[in-house]
Amino acid sequence: MGMFETMAEMYPERADESTAGATMEWFNIHQCEEFGHAAGVHVSLEEAEKLGREGAELARKNSFETLAKMAMKETPEADKMYRQLAKGADTPELKALRGRSL
């Protein structure tokens, strides 16, 4: 999320794409937080803030194209994460992610 927000600031001509990415990350965070907790995953506020700063720093060190390629490579890993979370799920919603992951 920090990376996408910084990209929007650095590349205003691409702010629509970057803001959409940041919005999706916020959505994922808020939707998956409850699921993650149900699966035993807990991230402190300090760790979350640190990750946001690291994402912003990553954006400052790379081109828009490089960052976009990084984000595209992450998608299959996110699918694996959802499948892993679903293994430990105790909610029907999280269990459903296992079947929906690519």
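Above this text you will find the structure in question.
Computed from a predicted structure; not experimentally measured.

K.L.:
Looking at this model, I keep getting lost on the pattern of salt bridges. Mind explaining?
P.N.:
Any two side chains of opposite charge can pair, on the condition that their charged atoms come close. As enumerated under the stated definition, the model contains four salt bridges in all. With its nearest N and O atoms 3.6 Å apart, the salt bridge here joins Lys50 to Glu54. Here the residue Lys50 and the residue Glu54 both occupy positions in helix H3 (residues 45–61), the gap between them amounting to four residues, near one helical turn. The residue Lys61 makes a salt bridge to Glu57 at a minimum N-O spacing of 3.9 Å. Highlighted residues: Lys61 and Glu57, both in helix H3, separated by four residues, approximately one helical turn. Using a relative accessible area of 35% as the deciding quantity, one classes Glu57 as partly exposed.

K.L.:
Can you help me understand the environment of Met7 in this one?
P.N.:
Relative to the helices and strands, Met7 is located in helix H1 (residues 2–10). Taking relative accessible area as the criterion, Met7 reaches 1% and is therefore assigned buried. Placed 49 residues apart in sequence, Met7 and Ala56 show a C-alpha to C-alpha distance of 8.0 Å. Apart from residues no more than four positions distant in its own chain, Met7 is found in contact with Ser18, Ala59, Phe64 and Leu67.

Analysis parameters
Note on numbering: residues in each chain are counted from 1, in written sequence order. Per-residue local features are limited, in this predicted model, to residues with pLDDT of at least 70; the limit for side-chain atom pairs, both in listing and counting, is 80 or more; totals at the level of whole chains, interfaces and linings are taken over all residues. Side-chain calculation: all heavy atoms of the structure are included, whereas hydrogens and water are not. The term salt bridge refers to a side-chain nitrogen of Lys or Arg lying within 4 Å of a carboxyl oxygen of Asp or Glu. Numbering goes from the N terminus for both helices and strands, where a helix is a DSSP run of H or I of at least four residues and a strand is a run of E of at least two. Relative accessibility decides the category of a residue: with a 1.4 Å probe and only protein chains considered, values under 20% of the type maximum give buried, values over 50% give exposed, and everything between is partly exposed. Note on contacts: a residue pair qualifies if any of its non-hydrogen atoms lie within 4.5 Å across the two residues.

Don't take any of this as a statement about function, it's just geometry.
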